[in-house]
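Chain by chain, the residues run as shown.
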Amino acid sequence: MRMVISGKTEVFAVIGDPIEHTLSPTMHNAAFEHLKLGFVFVAFRVTPDELESAVRGACALGIRGLNVTMPHKNSVTEFLDEADPAVKFLKAANTILNQRGRLRGFNTDGVGALKALKNNGVNLTGKKVLLLGAGGAAKAIAFSLAKEVDELSILNRDIVKARELASVLEPFGKKIVGSELLPRKIQQELQNSDVLINATSVGMSPNASESLIESDWLKPEISVMDAVYNPVETRLIRIARGAGAKVINGVEMLLYQGAASFEIWTQCKAPVEVMRNALLSKLSSAGAAV
Ligand code: NAD
């Protein structure tokens, strides 16, 4: 049945620049429709110099929830009245709840990654995780993982960023080390890692033939998650599957960060199956090789 927009319809939105390829409306409208909430989710292109007016305007219009994507995740924190611990640590928010004009900021990227791992059967207790990258996604993942795992090794092209991230995370975890991302170092770290997470943009379309991992570096006991979700089946995911490893694609992380935002906004349990199917069908119709 087609959704009826009325004077009572509540509006949610994602803001970013560019925004035309966002998958958030697909995922959230499918969930809203499934639960018959009478809500609608739209996307707005907002340039950096219009960010403040857009946030104030969203507030004035009573837009109940916002997702915030690149390039605004950091700068939007200036306009929040309240911030959750992840936002305070990361200085970046991807979710805003408008509570009668009071803007509460959340960052669900790390929680999304954690849930994607756990809900796909990856046990993190007592484990060593090898994390590739120290950008926005990697930081959010590292913040959520630090308190869950025994050891976290962060490798990044820019070693200063890897070390900085490891050092600010030290109070939250047991053993956290930052080093330079080099093929030899990856191979060495993989020997005693239980989980590998790619949080770099390597392998992302249009460079889908790239991977930081070679096919003979992985053992079947390892679990491999890629944050890259376009294509769904990255080269890394294919290599890991070929090695007999457990694999978790970037759509799972995208899905669970979205589910966490959905639950913050609606206080309803997110219908994750419906949201996953909506994401996968949109990605496959967009040619993202599911
Ligand atoms: P970012 O620009 O903040 O960070 C990019 C990272 O990739 C940096 O650590 C950089 O050093 C590294 N990198 C880039 N090219 C590299 C190369 N050739 N060799 C080694 N390292 C390289 O970006 P981000 O926001 O952290 O996003 C990273 C990836 O994660 C993107 O593909 C993005 O789409 C994806 N992502 C997925 C989700 C999800 O929900 N699945 C959420 C956020 C980001």
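Shown above is the structure to which this text applies.
What you see is a predicted model, and the numbers here were worked out from it, not measured in a lab. Along every chain, residues carry numbers that run from 1 in the direction the sequence is written. The model is predicted, so local features are restricted to residues of pLDDT at least 70 and side-chain atom pairs to those at 80 or more, both for listing and for counting; the totals for chains, interfaces and linings are taken over all residues. Side-chain calculation: all heavy atoms of the structure are included, whereas hydrogens and water are not.

1. So, the site of the ligand
In these notes, residues near a molecule or strand are those with any non-hydrogen atom within 4 Å of it. Inspection of the region around the ligand gives 20 residues, with Gly136, Ala137, Asn156, Met204 and Ala227 positioned closest. A 3.5 Å cut-off defines polar contacts: any pair of N or O atoms within that distance qualifies, except that in protein one atom must be a possible hydrogen donor and the other a possible acceptor, and neighbouring residues in sequence count only when both atoms are side-chain atoms. At 3.0 Å from an oxygen atom of the ligand is found a main-chain nitrogen or oxygen belonging to Ala134. The contact in question runs from a nitrogen atom of the ligand to an N or O atom on the backbone of Gly250, over 3.0 Å. Mapped onto the shell around the ligand, the elements with two or more residues apiece are helix H5 (136-146) and helix H9 (250-266). Numbered from the N terminus, helices here are DSSP runs of H or I no shorter than four residues, and strands are runs of E no shorter than two. With 4 residues, H9 is the single largest residue contributor to the shell around the ligand.

2. Comments concerning the pattern of salt bridges
Think of a salt bridge as a Lys or Arg side-chain nitrogen and an Asp or Glu carboxyl oxygen that are within 4 Å of each other. Scanning the entire structure with this criterion turns up 15 salt bridges. Where Arg45 meets Asp17, a salt bridge forms, and the shortest distance between an N and an O atom there is 2.7 Å. Of the two residues, Arg45 is situated in strand E2 (residues 39-45) and Asp17 in the loop between strand E1 (10-16) and helix H1 (24-34); the sequence distance between them amounts to 28 residues. To sort residues, take the accessible area from a 1.4 Å probe on protein chains only and compare it with the maximum for the residue type: under 20% means buried, over 50% means exposed, and anything in between is partly exposed. The exposed category is assigned to Arg45, whose relative accessible area is 57%.

3. Notes on the nonpolar core
For our purposes a nonpolar core is just a set of buried Ala, Val, Leu, Ile, Met, Phe, Trp, Tyr and Cys residues, chained together by side-chain atoms within 4.5 Å. Residues Leu145 and Ile154 are the most contacted members of the largest nonpolar core, which totals 59 residues. Excluding residues within four positions of it along the chain, Leu145 makes contact with Leu114, Leu117, Leu124, Val129, Leu152 and Ile197. Counting 17 residues, the second largest nonpolar core, distinct from the first, contains Leu181, Ile186, Leu196 and Ala243. In what follows, residue pairs with any heavy atoms lying within 4.5 Å of each other are defined as contacts.

4. Examining the pairing of strand E10 (residues 195-198)
Along a regular strand, successive side chains alternate from one face of the sheet to the other. Of the two faces of E10, the one carrying Val195 and Ile197 and the one carrying Leu196 and Asn198 are both buried. Here a strand pair is declared whenever DSSP counts at least two bridges between the two strands. In the sheet, strand E7 (residues 128-132) pairs with E10 via 4 bridges, with the strands oriented parallel. Paired with Leu132 across the strands is Asn198, a residue of E10. Strand direction decides the pairing type here: E10 and strand E11 (residues 223-226), joined by 4 bridges, are parallel. Paired with Val195 across the two strands is Ser223, which belongs to E11.

5. Things to note about H9
Taking 1.5 Å of rise per residue, the 17 residues of H9 would be expected to cover 24 Å, and the 24 Å separating its terminal C-alpha atoms lies within 8% of that figure. Across the 17 residues of H9, 16 count as buried, placing the element largely inside the fold. Downstream of H9 by a residue or two, Gln267 has a phi angle that is positive, lying close to 60°. Residue count minus one, scaled by 1.5 Å, sets the expected span of a helix.

6. Concerning the sheet that holds strand E8 (residues 151-156)
Here 6 strands make up an open sheet; going across it, the order is E9-E8-E7-E10-E11-E12 and the pairing parallel. Each edge of the sheet is formed by a strand with only one pairing partner; in this case those strands are strand E9 (175-180) and strand E12 (246-248). When the angles between neighbouring strand axes are averaged without regard to direction, this sheet yields 15°. Along the sheet, H5 makes contact with E7, E8, E9 and E10, crossing E7 at roughly 170°. Fitting a line to C-alpha atoms yields each axis, with helices limited to the stretch in contact; the angle taken between N-to-C directions then spans 0 to 180 degrees.

7. Here we look at the side chain of Thr108
Relative to the assigned elements, Thr108 resides in the loop between strand E6 (102-106) and helix H4 (109-119). Engagement of the side chain of Thr108 in a polar contact is seen with the side chain of Ser261, the distance being 3.3 Å. Dropping the residues within four chain positions of it, Thr108 is found in contact with Asn94, Thr95, Gln257, Ala260, Ser261 and Ile264.

8. Structural notes on the sheet that holds strand E5 (residues 95-99)
The pairing of strands in a sheet comes from backbone hydrogen bonds and takes either a parallel or an antiparallel form. Sheet architecture is open: 6 strands sit in the order E2-E1-E3-E5-E6-E4, paired in mixed fashion. Of all the strands in the sheet, the pair left with one neighbour each is E2 and strand E4 (82-83). Relative to E6, E5 runs antiparallel, the two sharing 5 bridges. Each bridged residue has a counterpart across the sheet, and for Ile96 the counterpart in E6 is Gly105. Running over the sheet, H1 touches E1, E2 and strand E3 (65-68) and is turned about 170° from E2. In this fold H9 packs onto E1, E2, E3, E5 and E6, with an angle of close to 5° to the strand it touches most, E5.

9. Details of the environment of Ala142
Looking at the element boundaries, Ala142 is found in helix H5. The spacing of Ala142 and Leu131 is 11 residues in sequence and 7.7 Å in space, taken between C-alpha atoms.

10. A look at the packing of aromatic side chains
Only the six-membered ring of Trp is used, alongside the rings of Phe and Tyr, when aromatic pairs are assigned; centres must lie within 6.5 Å, and planes under 30 degrees apart are stacked while those over 60 apart are edge-to-face, with the rest tilted. Inspection of the entire model under this criterion finds 9 aromatic pairs. On the basis of an interplanar angle of 85° and a centroid distance of 5.4 Å, the ring pair of Phe89 and Phe172 is categorised as edge-to-face. Taken together, the residues Phe89 in helix H3 (residues 85-90) and Phe172 in the loop between helix H6 (159-169) and E9 connect sequence positions 83 residues apart. Over the face of the ring belonging to Phe143 we find Lys147, whose NZ or CZ atom lies 4.4 Å from the ring centre. Both a distance and an angle decide whether a charge sits over a ring: NZ of Lys or CZ of Arg must be within 6 Å of the ring centre and within 35 degrees of the ring normal.

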